[in-house]
Amino acid sequence: MALFALQLKFTDNERRMEVRPAHREYLHALKEAGKLTTAGPFADQTGALLIYDAADEAEVRDILAKDPYTEADVYEIVTLTEWQPLFPITT
């Protein structure tokens, strides 16, 4: 398994707020399944950072395909890259 950092830019805040409850339920399920390490929006609400624990980028893209935000088309991917943290994540 590897960690992948995803940076998103929100493109439709009105629609995003409508879909956010389903998106957050999905994130909670991913966290419980060990696929999501941490996630959250930026303070200015222009985007978000998510850290996934997945076998490869293809698995992350499959996870994203099932996210309610993807179906609602409320974001653009800024970066998706494998990440090697210097310090362990403690959450």
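A few points on the structure. None of the values given here were measured: they were computed from a predicted structure. (Residues numbered from 1 in each chain as written. Predicted model: local features only at pLDDT ≥ 70, side-chain atom pairs only at ≥ 80, totals over all residues. Heavy atoms only, no water.)

Looking now at the overall build of the protein chain. Scanning the protein chain for helices and strands turns up 3 helices and 4 strands. Written out in order from the N terminus, the α and β elements of the protein chain read β-α-β-β-α-α-β. Whereas a compact globule of 91 residues would reach a radius of gyration of roughly 12 Å, the protein chain reaches 13 Å, a difference of no more than 12%. Each principal axis of the C-alpha atoms in the protein chain carries an extent, and together these give about 35 × 25 × 25 Å. For the protein chain, with 91 residues in total, the buried portion stands at 33%. In the protein chain, once contacts between residues fewer than 6 apart in sequence are set aside, the share between residues at least 24 apart is 72%. When the accessible surface of the protein chain is summed, it comes to about 5,700 Å², and 52% of that surface belongs to carbon and sulfur atoms. Looking at the protein chain, you have 9 positive and 16 negative side-chain charges, and the mean spots of the two groups are 3 Å apart. (Helix = DSSP H or I, 4+ residues; strand = E, 2+ residues; numbered from the N terminus. Rg over C-alpha atoms; globule rule 2.2 N^0.38 Å. Buried < 20%, exposed > 50% of the residue type's maximum accessible area, 1.4 Å probe, protein only. Contact = heavy atoms within 4.5 Å. Areas by Shrake-Rupley, 256 points an atom, 1.4 Å probe, with all protein chains shown as cover. Lys, Arg positive; Asp, Glu negative; His and termini not counted. Charge placed at Lys NZ, Arg CZ, Asp CG, Glu CD.)

This paragraph deals with the sheet that holds strand S2 (residues 36-41). In spatial order, the strands read S2-S3-S1-S4; together these 4 strands make up an open sheet with antiparallel pairing. The sheet is open, and its two edges are formed by S2 and strand S4 (75-83), each paired on a single side. When the angles between neighbouring strand axes are averaged without regard to direction, this sheet yields 15°. With 8 bridges connecting them, strand S1 (residues 2-10) and strand S3 (residues 47-54) associate as antiparallel partners. Across the sheet, Leu3 pairs through a bridge with Asp53, a residue of S3. (Pairing = 2+ DSSP bridges. Axes fitted to C-alpha atoms, helices over the stretch in contact; angles between N-to-C directions.)

Scope: geometric values only; no functional claims are made or implied.
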